[in-house]
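These are the residues of each chain, in order.
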Amino acid sequence: MEKNEEDQSPMRHYSDGTASSLRKSVVYTELRFYQRSEVLYQLTKVFCQRFLPKYGDRTVDQMVQAARSTKQNIVEGSKDGQTSMEVELKLLGIARGSNGELQEDYQDYLKQLGKKEWFGNNPRFDRLHDFCKAHSKLDDYRDLFPKMDDEELANMAICLCHQVDSALAKYIERKDREFTTEGGIRERMTAARLEQRTTQKEIIDRQAQEILSLRQEIDRLRTLLEASGLSGISG
């Protein structure tokens, strides 16, 4: 399970106990689907530089922009999600769409050149799938890029696209369920205000009870003094 992707969002509080309407921020760099999107962005730049000049700038720009859009919309969605889950869901949806476009571009490349897209029951696919599943950080891939041919790089990109899409779909579903349960920023602001009012009422009630207890103790001590004939001294 990807780190931070199962985090719940209970009401947060500041150090002085004040309730916060802001959701817990997501450390997007720790999300493995973000890490894989970063790998895809760098892989795509290398792939286009090595194998796509003859196709013209338009194809290169489309692929690089699709890879960048996937990565950047995950970043922006994660940041904006602290105040607006609606915006977060929208941007994560855009990221998933861009990732799908990138996958299609790599598949089109293989078809146009008569190269194979690797599937199940293929030893090369199994090794590639297992490697991509076990590794998500750019440092794990960087040294491989120059050693791989276009078919290998394209299949690696397609494999990563599948994994990013699957993880994003599950993440978006969890965020949607969270939104249904908690609501947006207005609902969270209302909840925070209500909790703060409840907290203040509890403090006032507790203080009133403490004052009552002190008065009762004073009355008890005064009675004891009067019974012992020392009430005049206390006056």
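Residues numbered from 1 in each chain as written. Predicted model: local features only at pLDDT ≥ 70, side-chain atom pairs only at ≥ 80, totals over all residues. Heavy atoms only, no water.

Describing the overall build of the protein
Defined as follows: Working definition: helices are DSSP H or I runs of at least four residues, strands are E runs of at least two. Numbering for both runs from the N terminus. Relative accessible area decides the class of each residue, using a 1.4 Å probe on protein chains only: under 20% of the type maximum gives buried, over 50% gives exposed, and in between gives partly exposed. Contacts are assigned to residue pairs that have any heavy atoms within 4.5 Å of one another. Calculation of accessible area relied on Shrake-Rupley with a 1.4 Å probe; when residues are assessed, cover is drawn exclusively from the protein chains displayed.
Counting its secondary structure elements, the protein contains 7 helices and 2 strands. Listing each helix as α and each strand as β along the protein from the N terminus yields β-β-α-α-α-α-α-α-α. When burial is assessed residue by residue, the protein has 36% of its 235 residues classed as buried. Partitioning the contacts of the protein with sequence separation of at least 6, the portion at a separation of at least 24 is 76%. Counting every atom, the protein has about 14200 Å² of accessible surface; 50% of that belongs to carbon and sulfur.

Focus: the nonpolar core
Definition in use: Residues grouped as a nonpolar core are buried Ala, Val, Leu, Ile, Met, Phe, Trp, Tyr and Cys residues, joined through side-chain atoms within 4.5 Å.
Residues Leu43, Phe47, Leu102, Tyr106, Phe145, Met156 and Leu160 are the most contacted members of the largest nonpolar core, which totals 47 residues. Sorting the residues of this core by element identifies helix 1 (32-51), helix 2 (57-80), helix 3 (85-112), helix 4 (123-134) and helix 5 (150-182) as the ones contributing at least two each. When residues in this core are grouped by element, the largest group, 13 residues, is from helix 5. Not counting residues within four places of it along the chain, the set of residues in contact with Phe47 comprises Leu52, Met63, Tyr106, Tyr109, Asp150, Leu153 and Ala154.

Some words on the pattern of salt bridges
Applicable threshold: Each salt bridge in this description consists of a side-chain nitrogen of Lys or Arg and a carboxyl oxygen of Asp or Glu lying within 4 Å of one another.
Tallied over the entire structure, the rule returns 6 salt bridges. For Arg142, the salt bridge goes to Asp139, with nearest N and O atoms at 3.6 Å. Note on Arg142: relative accessible area 43%, which makes it partly exposed. Residue class for Asp139 comes out exposed when judged on its relative accessible area of 62%.

Details of the side chain of Asp150
Condition: Within 3.5 Å is the distance limit for a polar contact, defined as a pair of N or O atoms, with the added protein rule that one can donate a hydrogen and the other accept it, and that residues adjacent in sequence qualify only through two side-chain atoms.
Considering the arrangement of structural elements, one finds Asp150 in helix 5. Taking relative accessible area as the criterion, Asp150 reaches 10% and is therefore assigned buried. At 2.6 Å, the side chain of Asp150 forms a polar contact with the side chain of Tyr109. Apart from residues lying up to four places away in sequence, Asp150 is in contact with Phe47, Phe51, Tyr109, Leu113 and Lys115.

Brief notes about the confidence of the model for the protein
It should be kept in mind that the predicted coordinates are not to be read in detail where pLDDT is low. To keep it simple, the criterion reads: One number per residue, pLDDT, summarises how confident the predictor is, and it ranges from 0 to 100.
Taken residue by residue, the protein gives an average pLDDT of 82. The fraction at 70 or more is 76%. Mean pLDDT values for the elements of the protein range from 50 in strand 2 (residues 19-20) up to 96 in helix 1. This model gives residues 1-9 a pLDDT under 50, and the stretch forms 25 contacts once residues within four places in sequence are excluded.

Regarding the packing of helix 1 against helix 5
To keep it simple, the criterion reads: Axes, fitted as lines to C-alpha atoms, cover a helix only where it is in contact. Angles between the N-to-C directions of the axes lie from 0 to 180 degrees. In this scheme, roughly parallel covers angles under 35 degrees and roughly antiparallel covers those over 145, while 65 to 115 is roughly perpendicular and the rest are oblique. Handedness of a helix crossing follows the sense of rotation of the near helix relative to the far helix, less than a right angle counterclockwise being left-handed and clockwise being right-handed. As a working rule, the residues Ala, Val, Leu, Ile, Met, Phe, Trp, Tyr, Cys and Pro are called nonpolar, Asp, Glu, Lys and Arg charged, and the rest polar, with Gly in that last group.
Interhelical geometry of helix 1 versus helix 5 gives an angle of 155 degrees and a closest axis separation of 10 Å. The pairing of helix 1 with helix 5 is recorded here as roughly antiparallel in orientation. When the axes of helix 1 and helix 5 are compared, the crossing they make is left-handed. Between helix 1, through Phe33, Arg36, Ser37, Val39, Leu40, Leu43, Phe47, Arg50 and Phe51, and helix 5, the contact on the second element is made entirely by Asp150, Leu153, Ala154, Met156, Ala157, Leu160, Cys161, Gln163, Val164, Ala167, Leu168 and Tyr171. When its residues are assigned to classes, the contact of helix 1 with helix 5 shows 16 nonpolar, 2 polar and 3 charged.

Here we look at helix 5
Side chains of residues three or four places apart in an α-helix project in the same direction, reflecting 3.6 residues per turn. Defined as follows: For a helix, the expected span equals 1.5 Å multiplied by the number of residues minus one.
For helix 5, which comprises 33 residues, the first-to-last C-alpha distance of 47 Å matches the rise-based estimate of 48 Å (1.5 Å per residue) to within 8%. Residue Asp149 occupies the N-cap position of helix 5, its side-chain oxygen lying 3.2 Å from the main-chain nitrogen of Glu151.

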